[in-house]
Amino acid sequence: MALASLLNTKCSIKAYTFPLCVSLIPNISSSLFSSLCRGHPFSSPPGAPPVPKKVPFTVTAHGRTWQDPYHWMSDTNDHDLSEYLSRENSYAESFMADTHHLQRKLFCEMTSRMPTTISTPPERWGPWLYYQYIPEGKEYPVLCRKLDTERSGWVNTFLHYARRGFESEECLLDWNQIAEQYGYVHVGTCRISPDHNFLAYTLDITGHERFMLQIKDLRSGCTISKLAVDGVVSLAWAQDGNTLFYTVSDDNQRPYRVLCRKLGFHDMEDVPVFTESDSSYCVDITSTKDGKFITVNSNSRTSSEIYLIDAANPLDGLCRIRERVHGVQYFVEHHYGLFYVLTNAPLTENKDFSDGNYYLATSRVEDIQLANWQNVIVPGEDISIQDMDIFHGHLVLSINKKGSPTFCSIKLPINVGYKEQVEIENLNPWYFPLPANPCSVIPGSNHDFMSSVYRVVVSSLVMPDMIVDYDMSRHLYSIVQQDEVRNVSGNLPAYNLDTVFSQKDEENIQNFESQRWKDFSSIYHCERKEVVSRDGVRIPLTILCSQKSWQKGLSPGVLHGYGAYGETLEKSWCADHMSLLDRGWVLAFADVRGGGGGDSSWHKSGSGLHKKNSVYDFGSCAKYLVDEGYVHRDRLGAIGYSAGCLVVGATINMYPTLFCAAILKVPFLDICNTLLDPNLPLTLLDYEEFGNPWIQSQFESILRWEFGKLQNGWLKYEKVHVLNVLVQSF
């Protein structure tokens, strides 16, 4: 489980509430597949599985009428629902009774691999070093800071100690204390003021995912109790450190309004700043990296509209950049009088980039509302721009290059006098050295605008999470910290193989020999295949297995899938996987259409009317695992999370003999009935992603891929046993 950043992060423009993915707490998975292997059959559970009651309920759309006898379950306050779930849990316990010994053994294995100490390395922001750790014997983390004496100077250090004493560490927020008081704690968004005097954060103490605003005065250590607000989602500070902007959600959990609060004026009501009346748009608020502007971002799944607030004069009102256009998104950063705009707006003069791919444009602050922005960077061949970050002297681009994620930095300022579009390669980019094996690269918080160091977390299926700092000025990188993995099975050393760089121009890497990646690739084999789907498109399939324990044609396996919202399927290190791999299991990851890919077309070709492609892709990858002997045909399972459960469930309907088991976590299912109810939270937002069933053509499309080839629309499970695991989402 990744620990979210609690600082004023600007690590991702396109995902404003991106977490700092430093793996502090290894994920102890409850999805234990080992007992599903045909070599260890289940014993017959006592009694029959519970059967829920059926209550007649008629649904009608486009001249069709059908019954939904389980509609009553949508009322979570219904006592019969609680009673039925209790019986389901009891039945599951009985069903799995013969695996209790195995479960305990697996749990002990997994916990024994956890590191003895769990902490993040300090990260500089202004005069402070911020870091987090989990105290010994505690469950939750603590956010702390120390004054950076090397950067702040002896005078400031002396004045600080004179005011606050000579303590070496300040505890800013302790989850454990909150949990002891309320029994439950979930900290959502967290922002420290620009002057480092206040900590604003959102807190859920009920488990209902509705967060309350809290503001702590870091000088006194006291929480300002009178300032609590319910239903807060995102936060942003103005330059004065006393003015806080925040968004609140409506009854359907949609963040729709921005308000402003001035600290020190307790009798003043919060000032409404912006309200989004279109229920298909959500509002997010953040600040540019340099703190000069606050951006109010109103986004649907495919379109965006941004308003600017002068952070030095926060009550002077809003300035809209561009009127929203369907299918057009843009994201802005500021750098010394210039806005850098990441957008997919059509370029009429360049047909190659009129299909939704992102490029970078600039505009002077005073010209931002004009019709034409100056185009600076277009991706180039086999490159797509995914995101950007900005610093005093460097622009960082997150890109996909020939199907692989990477980052590069470009020295600022860029010569904006170019009359023609320029490609990334023509701006002398420095590509960050990365392992040659497929890996994920997730930005850290990177708060400090004046820094020349960019921090990321590098991880792969065979390499534990590693925090890496890239010095963009000197073209150096350093491995700051790598996750500890204890009690590795066998006698092989934990990190016995150095991987090679994907960077070709190694002569530019001054510390090439002193910094090498270390991984488990001598123990576990990871490879990337391309599987031909039903329509001839090649689907990336990543396969992980043990060099020693895997047996061709005999091993059990699990296929992971997601395929929604343009999100890339998670393929980072998880120590828990070792318990399956060492027993001969194969873990596979299908990057089906609808998820993240090289450019925006990969997402579009698996959403809306094209959602069936996600299902065909997942089925093709499953068949490939069986046909090529990676997995025994009677020992293949599937795992889906949230919206990924749609793909898994629909594939089971379409190919009912393909899987022997499935685990669906926090599942989004029954999509047609769900999207027909516009009163459900966030339903309208999903029309662009999955289709609008109130439009007949899209209604027919949903029915075709949701229920596959079955004429009656429902699957009669024979060989397939589905475990529907409902777990809390972290």
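Structure first, text after, so check above.
Just so we're clear, the structure is a prediction, and the values are computed from it rather than from any experiment.

Asks: Mind showing me how you'd approach the overall build of the chain here?
Replies: When helices and strands are counted, the chain shows eleven helices and 40 strands. Per-residue burial over the chain gives 54% buried out of 730 residues. Sequence separation of at least 24 residues holds for 58% of the intrachain contacts in the chain that already meet a minimum separation of 6. About 33,200 Å² of surface is accessible on the chain, with carbon and sulfur atoms providing 51% of the total.

Asks: Help me understand the pairing of strand 25 (residues 404–411) in this model?
Replies: Remember that side chains alternate between the two faces of the sheet whenever the strand is regular. Relative to strand 25, strand 24 (residues 394–401) runs antiparallel, the two sharing eight bridges. For Ile399, the partnering residue across the bridge sits in strand 25 and is Thr406. Between strand 24 and strand 25, which pair antiparallel in sequence order, lie two residues; one of them, Lys402, sits at a positive phi of approximately 55°. The sheet contact formed by strand 25 and strand 27 (residues 430–431) spans two bridges and is antiparallel. By the bridge assignment, Cys408 is partnered in strand 27 with Tyr431.

Asks: How do you make sense of the sheet that holds strand 6 (residues 170–174) when you look at a structure like this?
Replies: Two strands in a sheet stick together by hydrogen bonds in their backbones, pointing the same way (parallel) or opposite ways (antiparallel). An order of 3-4-5-6 is seen for the four strands of this open sheet, with the pairing classed as antiparallel. Since the sheet does not close on itself, it has two edges, and those belong to strand 3 (123–125) and strand 6, each with one partner. Strand-to-strand twist in this sheet, taken as the mean axis angle between neighbours without regard to direction, amounts to 30°. Looking at chain direction, strand 3 and strand 4 (residues 128–133) are connected through three bridges and run antiparallel. When the bridges of strand 4 are listed, Glu123 appears paired with Tyr130.

Asks: Would you take a moment to explain the pattern of salt bridges for this structure?
Replies: Close approach of charged atoms allows side chains with opposite charge to pair. A complete count under the given rule lists 29 salt bridges for this structure. Between Lys289 and Asp389 there is a salt bridge, and its shortest N-O distance comes to 3.0 Å. Of the two residues, Lys289 is situated in the loop between strand 15 (282–287) and strand 16 (293–299) and Asp389 in strand 23 (residues 383–390); the sequence distance between them amounts to 100 residues. Both residues of the pair, Lys289 and Asp389, belong to the buried class.

The rules behind these values
- Residues numbered from 1 in each chain as written.
- Predicted model: local features only at pLDDT ≥ 70, side-chain atom pairs only at ≥ 80, totals over all residues.
- Heavy atoms only, no water.
- Helix = DSSP H or I, 4+ residues; strand = E, 2+ residues; numbered from the N terminus.
- Buried < 20%, exposed > 50% of the residue type's maximum accessible area, 1.4 Å probe, protein only.
- Contact = heavy atoms within 4.5 Å.
- Areas by Shrake-Rupley, 256 points an atom, 1.4 Å probe, with all protein chains shown as cover.
- Pairing = 2+ DSSP bridges.
- Axes fitted to C-alpha atoms, helices over the stretch in contact; angles between N-to-C directions.
- Salt bridge = Lys/Arg side-chain N within 4 Å of Asp/Glu carboxyl O.

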